[in-house]
Amino acid sequence: MSSNEILLMAHLMRRVGFGSTKDELNKYVKKGYDNQVDEILDLEPNYEVSTHMINRYQPDYESPMGSSANGATWLYRMVWSDFPFKDKISLFWHGIFATGYAKLANGYVLADQIKMFSNYGLGNYQDLLLQLSKDPAMIIWLDNCESHKGAINENYGRELLELFSMGTGNYTEKDIKEVARAFTGWTIANKDYMTAKSQRDSVWPYGRLAMHFEYKEDDHDGDEKTFLGETGKFNGEDIIEIICKQKATAKFISRHIYSFFVEDEPPVPEWPYKKPNNPEAIEALSEVYFDKGYNIKEMLRFLFKSKFFKSEKVWNKRVKSPIELVAGTLRITKEFHRPDKEQSLTNSHTQFMGQHAMNPPSVEGWHWGTEWLDSGTVVERVNFSSSKLGNVNNLGIRKIIDNIKSNISNQFTPEFLIEIVLEELGAIIVSKTTKETLNDFVKSKIDSEKDLTDDNLSEFLQLVGAMPEYQRT
Amino acid sequence: MLNSNPNRRDFLIEQKERSLVVIQLSGGNDAMNTLVPYTNGIYHDSRSAIHLTENKIIDINGSLGFHPEMGEINKLWNQNKVAVINGIGYPVPNRSHFRSMDIWHTAESETIASDGWLGRTIREIDPKHKNVVTAVNFGRGLPRALVCKDVPVASVGDLNTYGLMPDIKGSVQRENVLNYFSRMYGPNQGRDAILNTLSENGVSAMTGVDILSGANSQYSSSVEYADNPISNNLKDIAKVIFANVGTKIYYAQQGSFDTHAGELFNHAKLWKDLSDALGDFFEDLREHDRENDVTVLLFSEFGRRIEDNGSGTDHGSGGVAFVLGGSVKGGFYGEQPSLELSEQVEGDMKYNNDFRCTYATLLDQWLGIDSVPILGKNYEQHNFINTGI
Amino acid sequence: MTTSFKIESRKTMGIAAMQGRGFYYPFDLSFDSNNRIYVLGRGHDYDTRGCRITVMDMNEEYHGTFASFGTQDGQFMWPSSIAISNSDKIYVSDEYLNKITIMTTEGKFISSFGQFGKGDGEFDGPNGLVFDNENKLYIVDHRNGRIQVFDEEGNFIQKFSSQGTSEGNLYLPWGITFHSDDRLYVSDWGNHRIQEFTTNGEFVRSVGSKGDQEENILHPSSCAIDDKGNIYISDWGNHKLKVFDKEGDFLCSNRGEATLSEWAKDFLNTNVEEKEARLKSKLVFELESFKNDPFNESAHIEKLFWCPTSLTFHKGNLLIVDSSRHRIQVYNKVYKI
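Residues numbered from 1 in each chain as written. Chains lettered and ligands numbered in written order. Predicted model: local features only at pLDDT ≥ 70, side-chain atom pairs only at ≥ 80, totals over all residues.

So, the overall build of chain A
For step 1, the next point in the chain: Within chain A, the secondary structure is distributed over 26 helices and four strands.
For step 2, the next point in the chain: Compactness check: chain A gives a C-alpha radius of gyration of 24 Å against a globular reference of 23 Å for 473 residues, within 12% of the reference.
For step 3, the next point in the chain: Along the longest, intermediate and shortest principal axes, the C-alpha atoms of chain A span 85 × 55 × 40 Å.
For step 4, the next point in the chain: Counting all 473 residues of chain A, 58% fall into the buried class.
For step 5, the next point in the chain: Once local pairs closer than 6 in sequence are excluded, the contacts in chain A between residues at least 24 apart make up 74%. (Helix = DSSP H or I, 4+ residues; strand = E, 2+ residues; numbered from the N terminus. Rg over C-alpha atoms; globule rule 2.2 N^0.38 Å. Buried ≥ 20, exposed ≤ 12 C-beta atoms within 10 Å, placed from the backbone. Contact = placed C-beta atoms within 7 Å.)

See below:
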């Protein structure tokens, strides 16, 4: 059984990224927990393969036309980063500010939004909301380009308050209209051509075009507005400033952070009716929000070093999202050491499991937690992880097998084999039932060192990939 | 296969139930080269590059004809088993594949919805989800039409290889590993919410696999289907129908109909494969005396431009759908849209009947389910179902 | 010296299309003896239909399409380059299948050669192809960092260079050009330079240095030489066309001046709403984010080069395969102003 230090580090690495292997965990433990947290938050990641390399072999990965290559490019980054924390952060914001291909028909604009999340997603929340309000993908997705002086479209105003900042019950319908008025004139350049291309899903004549924000003073309603009790000739920036001052905003964002990094909360629509799992933690995070000037990174630093995060009670208390499952597995198998055709196919698996990156089911994003699981997606999830872990030709799996063989020598016992494998895969903790089942399986196949054949180990690793614990993070 | 739970099939009542097969023509089927207004001069003028040869078009009423490759569908038409739904669409056409397909899937044309119309239907049919195979999708990943919270749908790539952990070599080894799998997902396993859900779904996944592989092994037929994706899917659907496992909804796709270029060749191949596959499927149903129990809907997210672009056609609106089956009253439903310039919408055929009228008809008259809660309101219905049967 | 030079656009050909008229992520092109152009489409992983060859001519007439995605004879997975022999046979390299396919100009499969490996006649990612005037075929074996030479039937003759960064070594080279009876110019993509060899494999010199300035190049994909010996480089990483004189001194560059092709005009004439909205648009503009990021700039400004992959001179026209914009930009030769 791994030491407590290793188990805690494994928990941290699953939450800040997609899990770490045994060797990585040993290295991080030596640095010390708090240092590791600071490094992850403060250092820029390194990528094993450059974007030039990806682009040479898979030209659509960085200049995407369609709906899928963006997700595959993103998945490469999750797999090839030494600390995929920034990609985890963009995944976090993508789940909240969910924007989708269905309406945009333009992969580049979506990929730009994900880049924006990784650039601004750890900064001040006010800046992030400002960038979001100027983001071309969001402007089309929630129709702000169709909102005009004297003829508002409320869509963005409503979701900004309901889904992106305060949550229902903290503002009135009148407030929504005032917000919509304040954001009139916030649109995209060449709006008619860009929306015509999106609506017609047109790649003609020469492919899709990237988009950029444009502020149209003459279409902005500059008159006085009253929002949350304050009155003035508000523009969008003023609205965001007022939003960020609200206690409700602090709580709403804190609850999202808690749900993503600590343990699954119920889906957002249920929040007004269900108390948080840990109200004190939400309260404490809200305080940091105000103390540190709405800074997300400082909220996370506090969180990762907090007792409630480190507590064994929350270890493995989340269901892996399909992207977490796929990225985490590929980091173990290390099968993509350079751009590879199979990458595109692999990325499609997140879609089969119900999470098509940059194409969420609606503006609400995906419902996380146990809602990932149904009898159809369980088949996809189990088959994916078991076939990847069971493929002994994968570089990472080969290495695990070599480690097993060099560590076991003469004293083979089923317990020892199980322990090594679970450690190698990132210090996975399993229940008594699972352990007994694995034990019986090993006993039925492997008596001694000489039975450690590739076929037997492959079957064992497939069973490990299929165990319920592998579905948790 | 798995004998660890002999009671697993108890809830399945052997009965020959009615079912609906939905085939999505992905990419936007060119309605004008499917149901061809070949006596109309505007057709020939606007399709200078890609019009179909007049003497090969299969005439059906003196002014309209099927695409030359739709011979098998024409045979069903002659038996009065094909309802042609002309001018089908929705208000304010959207010509993006994804958005338009979403509209057809969610039956919601104004706002972005996440539930699918068939997902909601399954929830009505089996609210306690007693049967994990009430709906079966052929293809990987669930189309939004079938998505609905807490509604289980089996997604099958290929019935012959469908199952858990297909990479385990050898059936004996696989059965062995699956026994351990079922222990790990069994009732002895833990108590928290995640484990309960995993355990529940792990068990229903095994049940689904068990039922569907049973359907595969029981099947026998003298019909020889061609070897292409849509034929394979329809053959798999026939297998599940004959196994009487309570499946009410089947879903499959044919494509891509996105014929911006090289349309004459590509469109012909797509319809040949589909039409032949449907011919074999209905022959198979007849052989098993099930022709009257199955209704097939063919739909596409939109039609295409009236005028060609030199080698294909671009995205348009206004399309044609087909409903086929032994219980269908053959004939024309909806009106053939006029091709006159004044009647066009931005160069497209104008829709004259809402696709939700067709959905409502299938729900109320075929599946016997109240369409109003599923579609959100009462839509006028067609009368293409032969209610006498 | 105040003389300056200029290179400008003549026209643009092509349209984005995975079937019929047009191409999708074209990587390379070659002319046959009847002046027909064979454009090699790479396609992309999520929709394999774009993986094919499109036949056209300089008047933008479309003459059909052949070949498709797959592993069978006459199919490709990751096609990279195309060359046509003196006897009008088409050669296509596939860097995924590690083989060269030979076909007729009608698209009929003749034969193929090569397999994965490091030995003679084996490949690890065959890329650029070129014939000399003796009908010998030079193949860039890019991950093996070498050039292999074959006869028209695919029999191995010799090999030269090896992987590395020193002069005469290659690191992930891409395109190859033949010029002036006995010279080869290899685009040494990973080392940011063009290397000149004799056809016997002797290293002559190297041109270009890494960087994003005018006189630098970044990951060159291909080059072409005119009758005066001027060197034209598709500066793939800087998304530019660069011209150097025969001594290797910088003359001028062009960032891309694409116009509407005949096929593009046909599309816009059929889809009038798009045409009208396009006419009202400002398609060229400046953004802060373009600084030091030509890739991003090319994503926004349609007329600019976006990942140019291949250069070919034909009867005084310079054809540039503008890959990520699915078109061919045609330029004249460099001239003094």
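As for the overall build of chain C
For step 1, the next point in the chain: Within chain C, the secondary structure is distributed over three helices and 28 strands.
For step 2, the next point in the chain: Taken over the C-alpha trace, chain C has a radius of gyration of 19 Å; the compact-globule value for 337 residues is 20 Å, and the two agree within 12%.
For step 3, the next point in the chain: Taking the principal axes of its C-alpha atoms as reference, chain C extends roughly 60 × 50 × 35 Å.
For step 4, the next point in the chain: A buried classification covers 48% of the 337 residues belonging to chain C.
For step 5, the next point in the chain: Partitioning the contacts of chain C with sequence separation of at least 6, the portion at a separation of at least 24 is 46%.

Focus: the sheet that holds strand β2 (residues 9-13) of chain C
Residue and element names in this part refer to chain C.
For step 1, the next point in the chain: The strand order across the open sheet formed by four strands is β2-β27-β26-β25, and the pairing between neighbours is antiparallel. The open sheet has two free edges, formed respectively by β2 and β25 (308-314), since each of these has just one partner strand. Here the strands of the sheet are splayed against their neighbours by 20° on average, with no regard to which way each runs.
For step 2, the next point in the chain: Judged from the six bridges that link them, β25 and strand β26 (residues 317-322) form a sheet pairing that is antiparallel. (Pairing = 2+ DSSP bridges. Axes fitted to C-alpha atoms, helices over the stretch in contact; angles between N-to-C directions.)

A look at the environment of valine 372 of chain B
Residues and elements named next belong to chain B.
For step 1, the next point in the chain: By the element assignment, valine 372 lies in helix α10 (residues 371-375).
For step 2, the next point in the chain: Using a count of 13 C-beta atoms within 10 Å as the deciding quantity, one classes valine 372 as partly exposed.
For step 3, the next point in the chain: Along the backbone, valine 372 and aspartate 284 are 88 residues apart, and their C-alpha atoms lie at a distance of 34 Å.
For step 4, the next point in the chain: Beyond its immediate chain neighbours, meaning those up to four positions away, valine 372 contacts Lys377 and Asn378.

A look at the nonpolar core
For step 1, the next point in the chain: Judged by nonpolar contacts, the single largest core of 257 residues is most densely connected at Leu463 of chain A together with Leu212 and Leu297 of chain B.
For step 2, the next point in the chain: Ranked by the residues each element gives to this core, the list is headed by helix α6 (residues 193-218) of chain B, at ten residues.
For step 3, the next point in the chain: Residues contacting leucine 297 of chain B, with those up to four places away along its chain left out, are Leu20, Val22, Ile23, Ala321, Val323 and Leu362 of chain B.
For step 4, the next point in the chain: In terms of nonpolar packing, the next biggest core, distinct from the first, is built from 79 residues, Ala17, Met103, Tyr232 and Val321 of chain C among them. (Core = buried A, V, L, I, M, F, W, Y, C linked by C-beta atoms within 7 Å.)

Considering the sheet that holds strand β24 (residues 250-254) of chain C
All names here are of chain C.
For step 1, the next point in the chain: Ordered in space as β21-β22-β23-β24, the four strands form an open sheet in which the pairing is antiparallel. The two strands at the open ends of the sheet, each matched to only one other strand, are β21 (222-225) and β24. Pairwise comparison of adjacent strand axes, ignoring direction, gives a mean angle of 20° for this sheet.
For step 2, the next point in the chain: Relative to β24, strand β23 (residues 240-244) runs antiparallel, the two being bridged by four bridges. Residue pairing in the sheet places phenylalanine 244 in a bridge with phenylalanine 250 of β24.

Focus on the interface of chain C and chain B
For step 1, the next point in the chain: On the chain B side, the residues contacting the ten residues of chain C number twelve residues.
For step 2, the next point in the chain: Of the residues forming the side of chain C that touches chain B, the biggest block, three residues, is contributed by helix α1 (residues 262-270) of chain C.
For step 3, the next point in the chain: Along the lines of polarity and charge, the residues of the side of chain C that touches chain B split into two nonpolar, five polar and three charged. (Nonpolar A, V, L, I, M, F, W, Y, C, P; charged D, E, K, R; others polar.)

Brief notes about the pairing of strand β16 (residues 156-160) of chain C
All names here are of chain C.
For step 1, the next point in the chain: Where strand β15 (residues 146-150) meets β16, four bridges bridge the pair, whose relative direction is antiparallel. Its bridge partner being in β16, glutamine 148 is matched across the sheet by lysine 159.
For step 2, the next point in the chain: Counting the residues in the hairpin turn of β15 and β16 gives five residues, including glycine 154, whose phi is positive at 95°.

With respect to the interface of chain A and chain B
For step 1, the next point in the chain: Across the boundary between the two partners, chain A contributes 39 residues, which contact 45 residues of chain B.
For step 2, the next point in the chain: Counting only elements with at least two residues in the side of chain A that touches chain B, the list comes to α8 (101-104), α14 (191-199), α21 (342-352), α22 (375-389), α25 (432-445) and α26 (454-466) of chain A.
For step 3, the next point in the chain: Each residue belonging to the side of chain A that touches chain B can be placed in one class, and the counts come to 16 nonpolar, 17 polar and six charged.

Focus: the environment of leucine 159 of chain B
Residues and elements named next belong to chain B.
For step 1, the next point in the chain: For leucine 159, the location among the structural elements is in the loop between β7 (154-156) and α5 (171-184).
For step 2, the next point in the chain: Assessed through the 22 C-beta atoms surrounding it within 10 Å, leucine 159 is described here as buried.
For step 3, the next point in the chain: C-alpha of leucine 159 to C-alpha of serine 217: the two residues are 58 residues apart in sequence and 9.8 Å apart in space.
For step 4, the next point in the chain: The residues touching leucine 159, leaving out its near neighbours within four places in the chain, are Leu212, Asn216, Asp236 and Lys239.

Considerations on the packing of helix α17 (residues 279-291) of chain A against helix α18 (residues 296-304) of chain A
All names here are of chain A.
For step 1, the next point in the chain: Running from N to C, α17 and α18 cross one another at 145°; their axes reach a closest spacing of 9 Å. Between α17 and α18 lies a crossing whose hand is right-handed. Residues Leu285, Val288 and Tyr289 of α17 lie in contact with α18, whose contacting residues are Glu298, Met299, Phe302 and Leu303.
For step 2, the next point in the chain: Of the residues belonging to the contact of α17 with α18, the class tally is six nonpolar, no polar and one charged. (Left-handed = near helix turned anticlockwise from the far one by under 90°.)

Points about the packing of α25 of chain A against α5 of chain B
For step 1, the next point in the chain: Close contact between α25 of chain A and α5 of chain B brings their axes to 9 Å; oriented N to C, the two are set at 165°. Here α25 of chain A is positioned roughly antiparallel relative to α5 of chain B, judged by the angle of their axes. Handedness of the crossing formed by α25 of chain A with α5 of chain B: right-handed. Here Thr433, Thr434, Thr437 and Phe441 of chain A of α25 of chain A lie close against α5 of chain B, whose contacting residues are Tyr180, Arg183 and Met184 of chain B.
For step 2, the next point in the chain: Grouping the amino acids of the contact of α25 of chain A with α5 of chain B by side-chain chemistry returns three nonpolar, three polar and one charged. (Parallel < 35°, antiparallel > 145°, perpendicular 65-115°, else oblique.)

Some thoughts on the environment of serine 231 of chain B
Residue and element names in this part refer to chain B.
For step 1, the next point in the chain: Tracing the chain through its elements places serine 231 in helix α7 (residues 229-242).
For step 2, the next point in the chain: Since 19 C-beta atoms lie within 10 Å of it, serine 231 is described here as partly exposed.
For step 3, the next point in the chain: The spatial distance from the C-alpha of serine 231 to the C-alpha of glycine 319 is 24 Å, given a sequence separation of 88 residues.

So, unusual backbone geometry
For step 1, the next point in the chain: Between tryptophan 204 of chain A and the following residue, proline 205 of chain A, the backbone shows a cis peptide bond with an omega angle of 0°.
For step 2, the next point in the chain: Take proline 205 of chain A: it is sitting in the loop between α14 and β2 (213-215).
For step 3, the next point in the chain: Put simply, glycine 255 of chain B and serine 256 of chain B share a cis peptide bond, and its omega is 0°.
For step 4, the next point in the chain: Take serine 256 of chain B: it is sitting in the loop between β8 (249-254) and α8 (263-287).
For step 5, the next point in the chain: A positive phi angle, close to 65°, is found at asparagine 35 of chain C, a residue other than glycine.
For step 6, the next point in the chain: Along the chain, asparagine 35 of chain C turns up in the loop between β3 (26-31) and β4 (37-41).
For step 7, the next point in the chain: Unusually for a residue other than glycine, histidine 326 of chain C sits at a positive phi of about 55°.
For step 8, the next point in the chain: Assignment of secondary structure puts histidine 326 of chain C in the loop between β26 and β27 (327-331).

Let's talk about the confidence of the model for chain C
For step 1, the next point in the chain: Counting all residues, the mean pLDDT for chain C is 96, and 99% of those residues have values of 70 or more.
For step 2, the next point in the chain: With pTM at 0.89, the complex prediction returns an ipTM value of 0.96. (pLDDT = per-residue confidence, 0-100.)

Concerning the domain arrangement of chain A
For step 1, the next point in the chain: Split into domains, chain A comes out as domain 1 (4-42), domain 2 (51-314) and domain 3 (395-471).
For step 2, the next point in the chain: The C-alpha centroid of domain 3 of chain A is placed 43 Å from the C-alpha centroid of domain 2 of chain A. (Domains from an automatic or database assignment.)

Observations regarding α26 of chain A
For step 1, the next point in the chain: Between its first and last C-alpha atoms α26 of chain A spans 18 Å; for 13 residues at 1.5 Å apiece the expected length is 18 Å, and the two agree.
For step 2, the next point in the chain: Within α26 of chain A, ten of the 13 residues are buried, which leaves it mostly tucked inside the rest of the structure.
For step 3, the next point in the chain: Three or more residues of α26 of chain A are buried, namely Leu457, Ser458, Glu459, Phe460, Leu461, Gln462, Leu463, Val464, Gly465 and Ala466 of chain A.
For step 4, the next point in the chain: Here the buried face of α26 of chain A lies against α22, α23 (395-408), α24 (414-424) and α25 of chain A together with α5 of chain B. (Expected span 1.5 Å × (residues − 1).)

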